[in-house]
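Here is how the chains run, residue by residue.
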Amino acid sequence: MRIYTKTGDTGETGLLGGGRVRKDHGRVAAYGDVDETNAAIGVARSVEPQDFETALLERIQRDLFAIGGQLAAPDPVKVAKALAKAAIDGARVAVLERAIDAAEAGLPPLQSFVLPGGSAKAAALHLARTVCRRAERSVVALSHSDTIQPVIIQYLNRLSDLLFTLARRANAQAGQGDVAW
């Protein structure tokens, strides 16, 4: 099978379960922004120290892949079997909350806004956080016209908080404090 199909050459793309939409459709923007978040986390994982929260970040990447699949399927009933293992639920949001609490445990309390940056790992995590916020905005925008599972928005909201906290922790582990605004 070739990677190129030429079916998108007219500016349309196929959706999971059937149907075609323009490539600038809100649904495509939403799952594209989630995919970009996933890639940004992949970049953050590749930056030293590579063993920093590897299992957590990889699990999040798998969750984001599942979320992208759900967003790419306007009629999940048609692809229920394929999406069954990709279900994101409140338990996955709770995992993020516990990870935030654990990462925050050894950090000094926030006294001001923090400028993104510091160590290379922290900077990559901050970038992933901002991409995640864009994905969240795209999914919220899509939810005004299409039915979106609310847990997807909750997951992305919590994920951006986690990425911020992990960036702070990466700086602390690198011996760099946060740069206050």
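Above this note sits the structure.
Just so you know, these numbers come straight off a predicted model, no measurement behind them.

Explain the overall build of the protein chain residue by residue, including any values.
Helices and strands together make up the secondary structure of the protein chain, namely six helices and four strands. In the protein chain, the succession of α and β elements from N to C terminus is β-β-α-α-α-α-β-α-α-β. C-alpha extents for the protein chain along the principal axes are approximately 50 × 30 × 30 Å. Sequence-distant contacts in the protein chain: of pairs separated by 6 or more residues, those separated by 24 or more amount to 72%. Looking at the protein chain as shown, the accessible area adds up to about 10000 Å², and 56% of this sits on carbon and sulfur atoms. Separation between the mean location of the 22 positive side-chain charges and that of the 20 negative ones in the protein chain comes to 5 Å.

Before we move on, could you go through helix 4 (residues 90–104) and cite the residues and values that matter?
Between the first and last C-alpha of helix 4 there are 21 Å, a value that for 15 residues agrees with the 21 Å anticipated at 1.5 Å per step. Considered for burial, the residues of helix 4 that qualify are Arg 92, Val 93, Leu 96, Ala 99, Ile 100 and Ala 103. Taken around the axis of helix 4, the buried residues stretch over an arc of 115 degrees, which confines them to a single face. Residues of helix 4 that are exposed and angled more than 90 degrees away from the buried face: Arg 98, Asp 101 and Ala 102.

Account for the pattern of salt bridges, with residues named and values stated.
With the rule as written, the count across this model stands at 13 salt bridges. The salt bridge partner of Asp 146 is Arg 27, with a shortest N-O separation of 2.8 Å. Of this pair, Asp 146 sits in the loop between helix 5 (120–143) and helix 6 (150–173) while Arg 27 sits in helix 1 (residues 26–46), placing them 119 residues apart in sequence. Its relative accessible area of 24% is what places Asp 146 among the partly exposed residues. Of the charged contacts, one joins Arg 169 and Glu 53 as a salt bridge, the two residues approaching to 2.7 Å between their closest N and O atoms. One end of the pair, Arg 169, is in helix 6; the other, Glu 53, is in the loop between helix 1 and helix 2 (54–71), with 116 residues separating them in the sequence. Classification of Glu 53 by relative accessible area gives partly exposed; the value is 25%. Three or more residues joined by partner-sharing salt bridges are found here, namely Asp 33, Glu 36 and Arg 134.

About the thresholds
- Residues numbered from 1 in each chain as written.
- Predicted model: local features only at pLDDT ≥ 70, side-chain atom pairs only at ≥ 80, totals over all residues.
- Heavy atoms only, no water.
- Helix = DSSP H or I, 4+ residues; strand = E, 2+ residues; numbered from the N terminus.
- Contact = heavy atoms within 4.5 Å.
- Areas by Shrake-Rupley, 256 points an atom, 1.4 Å probe, with all protein chains shown as cover.
- Lys, Arg positive; Asp, Glu negative; His and termini not counted.
- Charge placed at Lys NZ, Arg CZ, Asp CG, Glu CD.
- Expected span 1.5 Å × (residues − 1).
- Buried < 20%, exposed > 50% of the residue type's maximum accessible area, 1.4 Å probe, protein only.
- Arc of directions from axis to C-beta.
- Salt bridge = Lys/Arg side-chain N within 4 Å of Asp/Glu carboxyl O.

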